[in-house]
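Residue strings, one per chain:
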Amino acid sequence: MITKLNHVSIFVLNQDSAYDFYVNKLGFKVHTDAPMGPGMRWLTVCPPEQPELELSLMSIDKGMMFTEESAAAMRKLVSSGTFGFGVFECNDLLATYEELKAKGVEFTKPPKQEFYGFEALFKDDSGNWFSLGQKAK
Amino acid sequence: MQGDNYPKIYLYRRIVKAKFFIDDNFAGNIDLDHIADEAFFSKFHFIRLFKKTYAKTPHQYLTFVRIEKSKLLLKEDTPVAEVCYAVGFDSISSFTGLFKRLTGQTPAAYQQVQQKIKEEIKTLPLKHIPNCFAEMKGWTQKSNFEEVKKF
């Protein structure tokens, strides 16, 4: 029986830049940062209150996962903002919005009360977008 | 209504500014009364609004930041005593007691565990990577990883 989710993959254009975004701007914790040979790195981060949920920041390189063509296509899709990899949660959306904006995070939609909740949208440094919602009180 | 048009958005900006001040100055002797003044709040109002926003009082948040920073320094093999003073504590025993209360381990025990993990990541990295990903990346075919050599 499946009990929980423990890894999620997020494709990024550059792992160094993604590290800076997720760790220094979003405040996520580094779970595993393992060099795996020249130009290869296994890098996972986790949201501050979910230490067991690893977000794997995956590079898009030609290899067993991608051909040269599919890697180029994937990089184009990522940078054009095709993928929304999930929904994050915070205690206070307006405060979090102000904080992340001050740290240079790009919001594509500022906080707005929708029929389904109070939500904002932001992009990571690669172009992936996320919803950020306020925890229901 | 959205974003910058929310009433009292200026209050959030001031609370966020206070939080950033704590983030940047945690190692010093921070006077939380001073932070409240800088943010143009009364001390009571400041504590109430900070706690409503961050689920921690300013003092609790300062302690949290100090302990989180101490974890990073301990992971870098900085001696415990040095970590204590580097993050703003002035007594090793109170730092150790507080660290243990909040994390369940003494700083020394935490550091030992982190050193072991770091060593393992260096020598047995595949132990920390789901096999499906390691295979997709071609890492299980690398003969110089110890775990692969065993097979």
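The written sequence of each chain sets the order in which its residues are numbered from 1. Throughout, the order in which chains and ligands are written sets their labels, letters from A for the former and numbers from 1 for the latter. Reporting of local features is limited, given that this is a predicted model, to residues whose pLDDT is at least 70; pairs of side-chain atoms are given and counted only at 80 or more, and all residues count toward the totals for whole chains, interfaces and linings.

**Q** Go over the environment of A:L77, please, and point to the residues and values.
**A** Secondary structure elements are defined from DSSP: runs of H or I of at least 4 residues count as helices, runs of E of at least 2 residues count as strands, and each element is numbered from the N terminus. Looking at where A:L77 falls in the secondary structure, it is placed in helix α2 (residues 68-79). We call two residues in contact whenever the C-beta atoms placed from their backbones are within 7 Å. Ignoring any residue separated from it by four or fewer positions in sequence, one finds A:L77 in contact with A:T82 and A:F83.

**Q** Explain the confidence of the model for chain B residue by residue, including any values.
**A** In predicted models, pLDDT denotes the confidence assigned by the predictor to each residue on a 0 to 100 scale. Mean pLDDT over chain B stands at 88; residues scoring 70 or higher make up 89%. Quick note on the complex model: pTM equals 0.89, ipTM equals 0.85.

**Q** Help me get a handle on the packing of helix α1 (residues 9-25) of chain B against helix α3 (residues 43-54) of chain B, residues and values and all.
**A** All names here are of chain B. Between N-to-C directions, angles cover 0 to 180 degrees, with each direction set by a line fitted to C-alpha atoms, over the stretch in contact for helices. Direction vectors running N to C along α1 and α3 enclose 85 degrees, while the axes themselves pass 10 Å from each other. Between α1 and α3, the crossing angle belongs to the class labelled roughly perpendicular. Taken together, the residues of α3 that come into contact with α1 (itself represented by L11, I15, A18 and K19) are L49, F50, T53 and Y54. In this classification, Asp, Glu, Lys and Arg are treated as charged, Ala, Val, Leu, Ile, Met, Phe, Trp, Tyr, Cys and Pro as nonpolar, and every other residue, Gly included, as polar. Considering only residue class, the contact of α1 with α3 consists of six nonpolar, one polar and one charged. Geometric relationships in this document are graded by angle, where less than 35 degrees denotes roughly parallel, more than 145 denotes roughly antiparallel, 65 to 115 denotes roughly perpendicular, and other angles denote oblique.

**Q** Give me the domain arrangement of chain B: which residues, what numbers.
**A** Residue and element names in this part refer to chain B. Domain start and stop points were drawn from an automatic or database domain assignment. Taken as a whole, chain B is organised into domain 1 (3-104) and domain 2 (107-151). With ten residues of domain 1 in contact, the opposing surface of domain 2 contributes six residues. Where the side of domain 1 that touches domain 2 is concerned, the elements lending two or more residues are α4 (58-75), α5 (80-86) and α6 (92-103). With four residues, the single largest contributor to the side of domain 1 that touches domain 2 is α4. The class makeup of the residues in the side of domain 1 that touches domain 2 is four nonpolar, three polar and three charged.

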